[in-house]
Amino acid sequence: MTEPQPQCIRNVVVVMPAHNEERHIGKAIAALKTATDALQRKHPDITASICVVLDSCTDRTADITSANMAGDPRFSAVSVKLHSTGASRDYGIRAAMDRLPPAGATSLWVATTDADSTVPEHWLVRQVELADAGADAILGSVEPDPDDVDPAILRRWLELHPFREDHPHIYGANLGIRASAYVAAGGFPRLRAHEDRLLVERVRRHGFVVTATDTTRVVTSGRMQARAPEGFAAYLRALGSELPAVAGG
């Protein structure tokens with residue numbers, strides 16, 4: 001008996017939470033425009049939209065977002081006061097799904113990234129390829145921006161995170177999921193950190209197909225000032241604190 005084929009993707013939504021990202025968000029939006037353009041050239045039948053979820057911003061993030069997405073109907077922004085990356089991601093995803101009929105969840109693909117990250121041009125094209133081949137969730141790799149991180153810390157990070165297929169890492173800055181799998185797994189939990197890990201754990205427990213790949217690598221900020229108590233910046237800072245011991249050992 002043959003396995004049922006996955007439903008082809010017909011709609012793509014990108015959700016990007018942002019909290020005080022005036023330094024990075026212009027570049028992040030520009031990269032998303034390029035990736036969306038590439039998707040629509042490759043798949044003109046697929047509709048695509050990008051939602052920026054502005055969470056409790058007190059700097060110029062909202063103004064920069066508005067200026068960079070002006071005139072592009074594919075982009076929208078919403079302001080919330082959730083103080084949670086997980087809740088912000090979930091808010092954007094649920095809002096996108098509310099605009100589709102329930103049956104559309106299997107053909108809707110949701111991609112998430114962060115406002116301090118830049119996606120590659122083929123980011124969405126590759127995710128759709130993998131989804132149409134059977135993936136229900138895609139775990140992409142990330143690379144700290146070499147212009148934004150101490151070289152010694154970057155070398156140590158690369159030692160611990162070799163770029164390869166079937167890697168074990170999970171990053172909200174580079175994640176994609178079929179909407180039907182997202183709903184079945186209960187969505188992103190309302191947490192400030194590790195919401196991506198918990199979601200993927202639930203997706204796997206439900207038996208969905210999870211693909212980890214380095215073919216959609218995203219460049220993310222190498223800053224050391226942590227926004228989330230156990231997020232990516234905090235991890236880089238911890239690596240930095242370990243360097244003397246590593247060098248001495």
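What counts, and where the lines are drawn
Residues numbered from 1 in each chain as written. Predicted model: local features only at pLDDT ≥ 70, side-chain atom pairs only at ≥ 80, totals over all residues. Heavy atoms only, no water. Salt bridge = Lys/Arg side-chain N within 4 Å of Asp/Glu carboxyl O. Helix = DSSP H or I, 4+ residues; strand = E, 2+ residues; numbered from the N terminus. Buried < 20%, exposed > 50% of the residue type's maximum accessible area, 1.4 Å probe, protein only. Core = buried A, V, L, I, M, F, W, Y, C linked by side-chain atoms within 4.5 Å. Phe/Tyr/Trp six-rings, centres within 6.5 Å; stacked < 30°, edge-to-face > 60°. Pairing = 2+ DSSP bridges. Arc of directions from axis to C-beta. Polar contact = N/O pair within 3.5 Å; in protein donor to acceptor, adjacent residues only side chain to side chain. Contact = heavy atoms within 4.5 Å. pLDDT = per-residue confidence, 0-100.

### Let's talk about the pattern of salt bridges
At step 1: The tally for this structure, following the rule as stated, stands at 13 salt bridges.
At step 2: One salt bridge connects arginine 94 with aspartate 90, and the closest N-O pair in it is separated by 3.0 Å. Linking arginine 94 with aspartate 90, this pair stays in helix 3 (residues 85-98), spanning four residues, or about one helical turn.
At step 3: Arginine 94 sits in the partly exposed class, given a relative accessible area of 29%.
At step 4: Across the salt bridge formed by glutamate 143 and arginine 217, the nearest N and O atoms sit 3.6 Å from each other. With glutamate 143 in strand 6 (residues 137-144) and arginine 217 in strand 8 (residues 210-220), this residue pair connects regions lying 74 residues apart in the sequence.
At step 5: Here arginine 217 falls in the partly exposed class, since its relative accessible area comes to 28%.

### Some points on the nonpolar core
At step 1: Val12, Met16, Ile25, Leu32, Leu39, Trp123 and Leu124 are the most contacted members of the largest nonpolar core, which totals 38 residues.
At step 2: If you list the elements that add at least two residues to this core, you get strand 1 (11-18), helix 1 (25-42), strand 2 (47-55), helix 2 (61-69), strand 4 (108-112), helix 4 (123-132) and strand 6.
At step 3: Among the elements that line this core, the one with the most residues is helix 1, at eight residues.

### A closer look at the packing of aromatic side chains
At step 1: All chains considered together, the criterion is met by two aromatic pairs.
At step 2: Ring geometry for tryptophan 157 versus phenylalanine 163: centroids 6.3 Å apart, planes at 50°, classification tilted.
At step 3: Judged by relative accessible area, which is 28%, phenylalanine 163 ranks as partly exposed.

### Some points on the sheet that holds strand 6
At step 1: Taking strand neighbours across the sheet as the criterion, the eight strands line up as 3-2-1-4-7-6-8-5 in an open arrangement whose pairing is mixed. Either end of the sheet is taken by a strand with one partner, and the two such strands are strand 3 (75-80) and strand 5 (117-118).
At step 2: Judged from the eight bridges that link them, strand 1 and strand 2 form a sheet pairing that is parallel. Bridge pairing links valine 12 to alanine 48 in strand 2.

### Side note on unusual backbone geometry
At step 1: Phi at histidine 83 takes a positive value of approximately 50°, unusual for a residue other than glycine.
At step 2: Residue placement: histidine 83 occurs in the loop between strand 3 and helix 3.
At step 3: Using a relative accessible area of 55% as the deciding quantity, one classes histidine 83 as exposed.
At step 4: A positive phi angle, close to 55°, is found at aspartate 166, a residue other than glycine.
At step 5: Among the secondary structure elements, aspartate 166 is positioned in the loop between helix 5 (151-160) and strand 7 (175-178).

### Structural notes on the pairing of strand 7
Consecutive side chains of a regular strand alternate in pointing toward one face of the sheet and then the other.
At step 1: Covered by surrounding structure in strand 7 are Leu175 and Ile177 together with Gly176 and Arg178, the residues of both alternating faces.
At step 2: Pairing analysis gives three bridges linking strand 6 to strand 7, with the strands arranged antiparallel. Residue pairing for strand 7: leucine 139 is matched across the bridge by leucine 175.

### Concerning helix 5
One turn of the α-helix equals 3.6 residues, which is why residues spaced by three or four share an orientation.
At step 1: Looking at helix 5, one finds that the buried residues are Ile153, Leu154 and Trp157. Seen from one end, helix 5 has its buried residues packed into an arc of 100°, which puts them on one side. Exposed residues on helix 5 whose side chains face more than 90 degrees from its buried face are Pro151, Arg155 and Glu159.
At step 2: Capping the start of helix 5 is the job of one residue whose side-chain oxygen sits 2.8 Å from the backbone nitrogen of alanine 152: aspartate 150.

### Brief notes about the pairing of strand 6
At step 1: The buried count for strand 6 comes to eight of eight residues, which makes it a mostly enclosed element.
At step 2: Because side chains alternate across strand 6, one face comprises the buried residues Ala137, Leu139, Ser141 and Glu143, and the other comprises Ile138, Gly140, Val142 and Pro144, equally buried.
At step 3: One ladder, built from seven bridges, connects strand 6 with strand 8; its direction is parallel. Looking across to strand 8, one finds that alanine 137 is bridged to valine 210.

### Concerning the environment of alanine 31
At step 1: Considering the arrangement of structural elements, one finds alanine 31 in helix 1.
At step 2: Expressed as a C-alpha distance, the spacing of alanine 31 and serine 117, which sit 86 residues apart in the sequence, is 8.8 Å.
At step 3: Among all residues touching alanine 31, those that are not within four sequence positions of it are Thr118 and Val119.

### Quick look at the confidence of the model for the protein
At step 1: Looking at the protein, pLDDT values average 88 and 86% of them are 70 or higher.
At step 2: Here residues 245-249 is a poorly scored stretch, pLDDT under 50, and it has one contact once near neighbours within four places are set aside; other chains count.

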